[in-house]
Amino acid sequence: MKIDHEYLKGLLEAFECSDKPETDIQKLHDLGFSYQTPEFLFHMRLLDDRNLIARTDGDSGFGFFESADGGGSWALLPLRLTANGHDFLEAIRNKEVWKALKTGFKDASIGTLVTVSKELFNRILAKQLDKYI
């Protein structure tokens with residue numbers, strides 16, 4: 001399965017829009033990100049792999065427990081967007097960064113997306129800072 005940039009960005013925004021410091025898969029489901037789809041599981045695994053989301057109790061995982069028969073079950077656990085997750089979301093909200101990711105890095109891994117977005121965003125910030133110095 002390939003990373004869907006729009007889905008990934010929307011999922012991060014759904015985490016952020018919680019009125020509390022945490023959210024859960026049911027609240028994400030209510031915002032249009034059904035935990036019953038392979039797309040949701042795939043993108044949640046990527047976010048977890050890069051420590052962009054985390055459980056509030058500090059334990060690993062995000063509530064999906066795989067079974068031996070290839071299926072699995074979900075636990076309703078409080079999840080949060082980490083500082084890295086907020087930084088990534090801030091970067092991809094920048095129009096220049098987002099355009100670059102969607103055109104020049106459309107088949108990139110999550111690691112590349114995070115690294116490139118951070119680098120591009122830092123360069124944009126440096127240009128903006130030059131205006132004040």
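Structure shown above.
Predicted model, so just to flag it, every value in this text is computed and none were measured.

A few words now on the side chain of His 5. The residue His 5 is located in helix 1 (residues 5–16) in this model. On the accessibility criterion, His 5 (10% relative accessible area) is buried. For His 5, the side chain forms a polar contact with the main-chain oxygen of Phe 105, separated by 3.5 Å. Look past the residues within four positions of His 5 in its chain and what remains in contact with it is Trp 98, Leu 101, Lys 102, Phe 105, Lys 106 and Leu 113.

The next point concerns the packing of aromatic side chains. Across all of its chains, the model carries five aromatic pairs by this definition. When the centroid spacing of 5.1 Å and the interplanar angle of 75 degrees are considered together, the rings of Tyr 7 and Phe 33 count as edge-to-face. Here Tyr 7 is found in helix 1, whereas its partner Phe 33 is found in the loop between helix 2 (25–30) and helix 3 (38–49), with 26 residues between them in sequence. Between the aromatic rings of Tyr 35 and Trp 74, the centroid separation amounts to 5.9 Å while the plane-to-plane angle is 65 degrees, which identifies the pairing as edge-to-face. With Tyr 35 in the loop between helix 2 and helix 3 and Trp 74 in strand 3 (residues 72–74), this pair connects stretches of sequence that are 39 residues apart. With a relative accessible area of 22%, Trp 74 lands in the partly exposed category. Linked through ring pairs, Tyr 35, Phe 40, Phe 62, Phe 64 and Trp 74 together constitute an aromatic cluster. Above the face of the Trp 98 ring, Lys 9 is positioned so that its terminal group lies 4.5 Å from the ring centre.

What counts, and where the lines are drawn
Residues numbered from 1 in each chain as written. Predicted model: local features only at pLDDT ≥ 70, side-chain atom pairs only at ≥ 80, totals over all residues. Heavy atoms only, no water. Helix = DSSP H or I, 4+ residues; strand = E, 2+ residues; numbered from the N terminus. Buried < 20%, exposed > 50% of the residue type's maximum accessible area, 1.4 Å probe, protein only. Polar contact = N/O pair within 3.5 Å; in protein donor to acceptor, adjacent residues only side chain to side chain. Contact = heavy atoms within 4.5 Å. Phe/Tyr/Trp six-rings, centres within 6.5 Å; stacked < 30°, edge-to-face > 60°. Lys NZ or Arg CZ within 6 Å of the ring centre and 35° of its normal.

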